[in-house]
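Each chain, written out:
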Amino acid sequence: TGQLPPHSSILAQGLPPEGPAVVYEKGDTVFSSAAFVLGDLVGDIATEVQAIHDPDWEQFPEIGELVKAATGEDNCIAVFACPSKATWAVGVAAGWKGREAAGKLAL
């Protein structure tokens, strides 16, 4: 766990300095329910949630570094934000589908 540096674009959006991260685990059935759970919480995911896949840490290097510090590995990330709920989270996985599921579950 860690906090974002003051220059982070997440903070510039008025979101808090801390957000949860979930690492995708293939075969774990909880990930197949991620969209349903998030939809129950925020309503329309398409309009309420912004998802930015950043597998090479080009947009969010500070978040990539925090994930690396927590996991001990370089991992691909996706940042999910829900401004109306003033929250954000990170999905961690090598593949796009895994990052989507992990990010939705984390949010």
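It should be emphasised that the depicted structure is a prediction, and the values quoted were computed from it without experimental measurement. (Residues numbered from 1 in each chain as written. Predicted model: local features only at pLDDT ≥ 70, side-chain atom pairs only at ≥ 80, totals over all residues. Heavy atoms only, no water.)

## Considering helix α5 (residues 96-106)
Threshold: Think of it in three bands: residues with accessible area under 20% of the maximum for their type are buried, residues over 50% are exposed, and the middle band is partly exposed, with areas taken using a 1.4 Å probe on protein chains only. Put simply, DSSP marks the helices as runs of H or I at least four residues long and the strands as runs of E at least two long, and each gets a number from the N terminus on. Contacts are residue-level and defined by heavy atoms, with any inter-residue pair within 4.5 Å sufficient.
The buried count for α5 comes to eight of 11 residues, which makes it a mostly enclosed element. Within α5 the residues assigned to the buried category are G98, R99, E100, A101, A102, G103, K104 and A106. Elements that come into contact with the buried residues of α5 comprise β1 (21-23), α2 (34-42), β2 (50-54), β3 (77-82) and β4 (87-92).

## Focus: helix α4 (residues 61-71)
Among the residues of α4, those classed as buried are E62, I63, G64 and V67. Contacts from the buried residues of α4 go to α1 (9-12), β3 and β4. Just downstream of α4, G72 is the residue with a positive phi angle, here 80 degrees.

## With respect to the packing of α2 against α5
Our working definition: Each axis is a line fitted through C-alpha atoms, and for a helix only the stretch in contact is used; angles between axes span 0 to 180 degrees, taken between their N-to-C directions. If you view the pair so one helix is near and one far, a crossing is left-handed when the near helix is turned anticlockwise from the far one by less than a right angle, and right-handed when it is turned clockwise. Residues are grouped as follows: Ala, Val, Leu, Ile, Met, Phe, Trp, Tyr, Cys and Pro are nonpolar; Asp, Glu, Lys and Arg are charged; every other residue, Gly included, is polar.
It is at 8 Å that the axes of α2 and α5 come closest, and there the two elements cross at 35 degrees. Crossing hand, α2 versus α5: left-handed. The residues of α5 that touch α2, namely those facing A34, A35 and L38, are A101, K104 and L105. A per-class count over the contact of α2 with α5 returns five nonpolar, no polar and one charged.

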